Amino acid sequence: MRRIVGYEIKTLENLITRKILLTAKDAGYPALTTVQIRIMRYLFLNKDKEIYQKDIEKNFVVRRSTASGIIDTMEKNGMLERVNTDLDLRSKRIVITEKYAGKMELLEELINKFQDELLDGVSDSELNTFFSVIDKMKDNLGK
């Protein structure tokens, strides 16, 4: 039987999602979704930069309405907040709240451990090939 690339990618995504949510739950983040975890990590790793909604839209390849809904929910749940900037009163920076900022070190540690587990037995050459193929597929779909 011929393997279908899209199906294999979706199956892998499901396995990764399940593992990430279990890892987050074990770390005390029972209510987070995978996209919320990804956004929190993005904000954490870029805490020295000013991040706006448009950055999240671009980085996570989501529409404005989708990003707005996710950010609204995360703000309502106390995970992040929108902060006024001096440069443009119409745009608000997005930052992690103090409550969640303290937990991000642990979450980052768990994500790195998960990454190591995921890549166990995968050589650098294989990983480079994987990323090359993924990039070509994204280009084919117009990113």
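All values derive from a computational prediction rather than experimental measurement.

Caption draft 1: Here's a closer look at the packing of helix H1 (residues 5–26) against helix H6 (residues 104–118). Running from N to C, H1 and H6 cross one another at 145°; their axes reach a closest spacing of 10 Å. The way H1 lies across H6 gives a crossing that is right-handed. Mapping the contact onto sequence places Ile16, Lys19, Ile20 and Thr23 in H1 and Leu110, Phe114, Glu117 and Leu118 in H6. Counted by class, the contact of H1 with H6 contains 5 nonpolar, 1 polar and 2 charged residues.

Caption draft 2: Fine view of the environment of Asn59. Tracing the backbone through its elements, the reader meets Asn59 in helix H3 (residues 53–60). Of the residues examined, Asn59 reaches a relative accessible area of 41% and is grouped as partly exposed. Residues Asn59 and Tyr42 lie 17 residues apart in sequence; the distance between their C-alpha atoms is 8.9 Å.

Caption draft 3: Region of interest: the nonpolar core. By size, the foremost hydrophobic cluster in this structure holds 24 residues, and its most contacted members are Tyr29, Ile39 and Ile56. Looking at this core, the elements with two or more residues in it are helix H2 (34–45), H3, helix H4 (64–76), strand S2 (92–96) and H6. Top element by residues in this core is H2. It accounts for 6 residues. Not counting chain neighbours up to four residues away, the residues in contact with Tyr29 comprise Ala24, Tyr100, Lys103, Met104 and Leu107.

Caption draft 4: Expanded view of the side chain of Thr85. Examined against the element boundaries, Thr85 turns out to sit in the loop between strand S1 (80–84) and S2. If sequence neighbours within four positions are ignored, Thr85 has contacts with Glu50, Tyr52, Ser91 and Arg93.

What counts, and at which threshold
- Residues numbered from 1 in each chain as written.
- Predicted model: local features only at pLDDT ≥ 70, side-chain atom pairs only at ≥ 80, totals over all residues.
- Heavy atoms only, no water.
- Axes fitted to C-alpha atoms, helices over the stretch in contact; angles between N-to-C directions.
- Helix = DSSP H or I, 4+ residues; strand = E, 2+ residues; numbered from the N terminus.
- Left-handed = near helix turned anticlockwise from the far one by under 90°.
- Contact = heavy atoms within 4.5 Å.
- Nonpolar A, V, L, I, M, F, W, Y, C, P; charged D, E, K, R; others polar.
- Buried < 20%, exposed > 50% of the residue type's maximum accessible area, 1.4 Å probe, protein only.
- Core = buried A, V, L, I, M, F, W, Y, C linked by side-chain atoms within 4.5 Å.

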